[in-house]
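# An overview of the molecular structure
Each chain, written out:
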Amino acid sequence: IIVHHHVAPGELKGKHARYRFGYEEGRFSIFADTEKLKGISLVSTRDPVREAERHIGAFRLRHGMLALVAGVAHLPMLEMLVEQLELPSGRGGLIIAFESDTELYLALKKLRPEIFAQVAVIVPENISVLAELVEKLDVEHFVGYRTFENRGSVELNASFYANAIADFKKKLASRFSDLFTRLEFEQRWVFNALSKLPLLHRARPVSALFGLGHDAEALLVSTGPSLRDSLVEIRANADKYFIACADSAYRVLVRAGITPHLVFSLDSQAHTAKHFGLLPRGTPGSFPILVCDAVSNPSVARDWQGELAISFTAQYPEDGLRVVSPGCDYLEDERLLSGEPGIVPGDLQSGGSVATSVFDLLRLMEFEKIILVGQDLAYTRREIHTPGTHHTDEWLGRTTNRLQPLENINERVIRRRHTKRETSLTGRPIVTDYILSLYRDWFANAVSQLPDKVYNTTRDGLQLPGAIPLPGLSTEKHGRNSDILQNYMQSAYLQVNSQRIETFARRVHQAMGESHPADSLPFLRYVGRKFAITALRSPEKKDVLLKKQLIKQRNFLRKIDSKLHHG
């Protein structure tokens, strides 16, 4: 610890107390006077350095390690952690400190600027940057974290520290959830995107739909449990709106005598094809238009006979940065879709559900109104979907009986999820869960950017901030859907670079016999990546894990080779 004999004591009136702090004989001290108590010491009066050593114990910062500090008043503890950070073994570590009193933080930063230069400090005024900070964490190489609470500081404003650290943990858990999702699905995303190469010549870019919704109104139909209550009204007014639905709602609408104008398929998993079953697969030159994400289940696009549009899911985490789904990035980098002139599919932003992607598409189509239907975002009537989806068809056909009714199946699904109670649109308690709440937050943010344009005619479910409640659909017609179709049909098809695709197919075939195929085909880094990440954490198993990854990559190439040559 650096001894500071020369630093004069300081005094400060902060938000929660009046503070006296400084170094005397090389020992740091800090006292707080509140309305109720005087002379509260925020560090040990006998030996704050020894106290810091006890706090830190055997903890050592290293690459992928994180130290969370509640309260910056314990300067000796912060200084010890910073010293660990400066060691070769500590490079790649990170220190995040929370401080409820901004004035105290600024005064201590002035006292010891060299410490705070290496600490990310969160105060009430910049609490919003916590999300950005967590977003930048390298979770693939994350090892763990430990929280160090300075009890004296925490007692001055316990709620701030409890809420801030809980929020951090929630955001960190979300990042890990995203990572696990990617590890689970990104291999399939790449496979689906590359498998669609033989289909793309008959698809249009989703950007061909952008801007076509002027002077018209759109219904966004989801499969919340309350959709059943809206079907009669939707059918009665089907000619007055542009009806866009999630693929899970397609079966429900068709059975109710409603042909939607647009169906969106986002999910990459095999069960997505069940949403279409034996339903109409479209007719060229007519509605409905099927919009498929590039990474969605390729069998859905392959079986569709009608109008087909392809989209990319892209996120924009910060200015100038664009992140597309794995697989899509390779299509772009290799210019497999760039003809003369190049026509790219077009980006849609997603909040994780099909409905969020459809909403972003309707926003970009620039409809005068976007009306939500069946957007419960909750387990209305303790059901997970409206009746009529492929889920209920399968359950009714195979698993229900007098001892196992549909209600029991729904209840069992709900109980496996982390649920909570909130207030419904009808003012009654309603059950929702963490994931559905995330979708609600996404919608709330998206709706706030379209003032007076988003309406909610969902019969029940979670309240959606910002969306204007609508008791019923208008019987007045707005816009002509035939104009939307005609303008869409005049747009060009995706221009597929056949020569590049043939070259790519040959490279895939050759790579199956190479010792390191990922060197020539960068998309293979997504295949078996969990083995590579585990190898970083388990050096003793590195060779075995990397061998498993190589086996997975070669099997993947065989499947892609088959798709490219046999469709």
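Summary of the structure given here. (Residues numbered from 1 in each chain as written. Predicted model: local features only at pLDDT ≥ 70, side-chain atom pairs only at ≥ 80, totals over all residues. Heavy atoms only, no water.)

## A look at unusual backbone geometry
We count it as follows: The helix and strand labels rest on DSSP assignments: H or I over at least four residues marks a helix, E over at least two residues marks a strand, and numbering proceeds from the N terminus. Relative accessibility decides the category of a residue: with a 1.4 Å probe and only protein chains considered, values under 20% of the type maximum give buried, values over 50% give exposed, and everything between is partly exposed.
In this structure, the amide linkage connecting Phe287 to the following residue, Pro288, adopts the cis form with an omega of 0°. With respect to the secondary-structure elements, Pro288 resides in the loop between β12 (262–265) and β13 (289–293). Residues other than glycine seldom take positive phi values, yet Leu377 does so here, at roughly 55°. Positive phi values are uncommon outside glycine, yet Asp452 reaches one of about 65°. Among the structural elements, Asp452 can be located in the loop between α15 (434–448) and β20 (454–456). The exposure class assigned to Asp452 is exposed, which follows from its relative accessible area of 61%.

## Side note on a nonpolar patch on the surface
Note the following rule: Within this analysis, patches are made of residues with over 30% relative accessible area and no salt bridge. Like charges are joined at 9 Å or less; nonpolar side chains (Val, Leu, Ile, Met, Phe, Trp, Tyr) at 5 Å or less. Areas reported here follow the Shrake-Rupley algorithm with a probe of radius 1.4 Å; residue values treat only the protein chains shown as occluding. We count a salt bridge whenever a side-chain nitrogen from Lys or Arg sits within 4 Å of a carboxyl oxygen from Asp or Glu.
Together, Tyr434, Ile435 and Leu438 make up an exposed nonpolar region whose accessible area comes to about 220 Å². Within the fold, Tyr434 resides in helix α15. By relative accessible area, which is 32% here, Tyr434 ends up partly exposed.

## A word on the pattern of salt bridges
Counted by the stated rule, this structure contains 24 salt bridges. Note that Glu135 is salt-bridged to Arg175, the shortest N-O span being 4.0 Å. Linking Glu135 in helix α5 (residues 129–135) with Arg175 in helix α7 (residues 158–195), this pair joins segments that are 40 residues apart in sequence. A relative accessible area of 13% places Arg175 in the buried class. In this structure, Arg507 and Glu334 form a salt bridge, with 3.2 Å as the shortest nitrogen-oxygen distance. Pair noted here: Arg507 is in helix α17 (residues 498–511) and Glu334 is in the loop between α11 (328–333) and β16 (347–348), with a separation of 173 residues, a long-range link. According to the relative accessible area criterion, Arg507 is partly exposed, its value standing at 26%.

## Considering the environment of His63
Going by this rule: Only heavy atoms enter the contact rule, under which two residues are in contact if any of them lie within 4.5 Å.
Position of His63 relative to the elements: it lies in the loop between α1 (48–56) and β5 (65–70). Owing to a relative accessible area of 45%, His63 belongs among the partly exposed residues under this scheme. Along the backbone, His63 and Phe142 are 79 residues apart, and their C-alpha atoms lie at a distance of 7.8 Å. Excluding residues within four positions of it along the chain, His63 makes contact with Ser89, Arg91, Gly92, Gly93, His141 and Val143.

## Thoughts on the nonpolar core
The line we're drawing: Only buried residues count toward a nonpolar core. Its members are Ala, Val, Leu, Ile, Met, Phe, Trp, Tyr and Cys residues joined through side-chain atoms within 4.5 Å.
Counting residues in each nonpolar core, the largest one holds 63 residues, and the members touching the most others are Phe504 and Phe523. Per-element tally for this core: the top contributor is α7, with six residues. Phe504 has contacts with Leu194, Leu197, Tyr330, Leu336, Leu521, Phe523 and Leu564, leaving out every residue within four places of it along the chain. With 49 residues, the next largest nonpolar core counts Leu209, Leu361, Val413 and Leu450 among its residues.

## Here we look at the pairing of strand β18 (residues 419–423)
Quick reminder of the rule: Two strands qualify as a pair provided DSSP detects at least 2 bridges between them.
As paired strands, β18 and strand β19 (residues 429–433) are joined by five bridges and run antiparallel to one another. Paired with Glu422 across the two strands is Ile430, which belongs to β19. Counted between consecutive antiparallel strands, the loop separating β18 from β19 contains five residues, among which Gly427 sits at a positive phi close to 85°.

## Topic: the side chain of Asp376
Heads up, the condition is: Only four residue types enter the tally: Lys and Arg on the positive side, Asp and Glu on the negative side; His and the chain ends are excluded. The definition of a polar contact used here is a pair of N or O atoms within 3.5 Å, where within protein one atom must be able to donate a hydrogen and the other to accept one, and adjacent residues in sequence count solely through side-chain atom pairs.
Here Asp376 shows up in the loop between β17 (369–373) and α13 (390–399). One buried charged side chain, Asp376, makes no salt bridge at all; its nearest oppositely charged neighbour is Arg381, positioned 6.1 Å away. Side chain to side chain, Asp376 and Thr380 meet in a polar contact 2.6 Å long. Once residues within four sequence positions are removed from consideration, Asp376 is found in contact with Gly224, Pro225, Ser226, Thr458, Asp460, Gly461 and Leu462.

## Brief notes about the sheet that holds strand β7 (residues 120–122)
One key point about sheets: their strands pair by backbone hydrogen bonds, in either a parallel or an antiparallel sense. Which entries qualify depends on this criterion: Here an angle of 0 to 180 degrees is reported between the N-to-C directions of two axes, which are lines fitted to C-alpha atoms, with helices fitted over the stretch in contact.
Within the open sheet, the four strands sit side by side as β7-β6-β5-β8. Their pairing is parallel. Only two strands of the sheet have a single neighbouring strand rather than two, namely β7 and β8 (144–149). Direction aside, the axes of adjacent strands within the sheet are offset by 20° on average. Pairing geometry for strand β6 (residues 94–98) and β7, over three bridges, is parallel. In the strand pairing of β7, Ile96 is matched with Ala120. Relative to β6, helix α2 (residues 75–86) is tilted by about 160°, and along the sheet it contacts β5, β6 and β8.

## Quick look at the packing of α7 against helix α18 (residues 529–537)
Quick note on the threshold: Under this scheme an angle from 65 to 115 degrees is roughly perpendicular, one under 35 degrees roughly parallel, and one over 145 degrees roughly antiparallel; angles in between are oblique. Residues are grouped as follows: nonpolar covers Ala, Val, Leu, Ile, Met, Phe, Trp, Tyr, Cys and Pro; charged covers Asp, Glu, Lys and Arg; every other residue, Gly included, is treated as polar.
Axis separation between α7 and α18 bottoms out at 9 Å; the angle between their running directions is 135°. Viewed along their axes, α7 and α18 adopt a mutual orientation that is oblique. On the side of α7, the interface is formed by Leu179, Arg182, Leu183 and Glu186, while α18 contributes Arg529, Lys530 and Ile533. Of the residues contributing to the contact of α7 with α18, the split by class is three nonpolar, no polar and four charged.

## Comments concerning the packing of α1 against α2
Where we set the bar: In a left-handed crossing the near helix is turned counterclockwise from the far helix by less than a right angle, and in a right-handed crossing that turn is clockwise.
In contact at an axis separation of 8 Å, α1 and α2 are set at 55° when each is read in the N-to-C sense. Of the possible angle classes, the one that applies to α1 and α2 is oblique. Classified by chirality, the crossing of α2 by α1 is right-handed. Contacts from Pro48, Val49, Ala52, Glu53, His55 and Ile56 in α1 reach Pro76, Met77, Met80, Leu81 and Gln84 in α2. Each residue belonging to the contact of α1 with α2 can be placed in one class, and the counts come to eight nonpolar, two polar and one charged.

## Notes on the sheet that holds strand β2 (residues 18–24)
Taken together, the four strands give an open sheet; going across it, the order is β1-β2-β3-β4, and neighbouring strands pair in antiparallel fashion. Looking along the sheet, the strands with just one partner apiece sit at the ends: β1 (10–13) and β4 (40–41). Looking at chain direction, strand β3 (residues 27–33) and β4 are connected through two bridges and run antiparallel. Counterpart to Ala32 in the pairing with β4 is Ile40. Relative to the sheet, helix α3 (residues 102–111) contacts β1, β2 and β3, its axis offset from that of β2 by approximately 15°.

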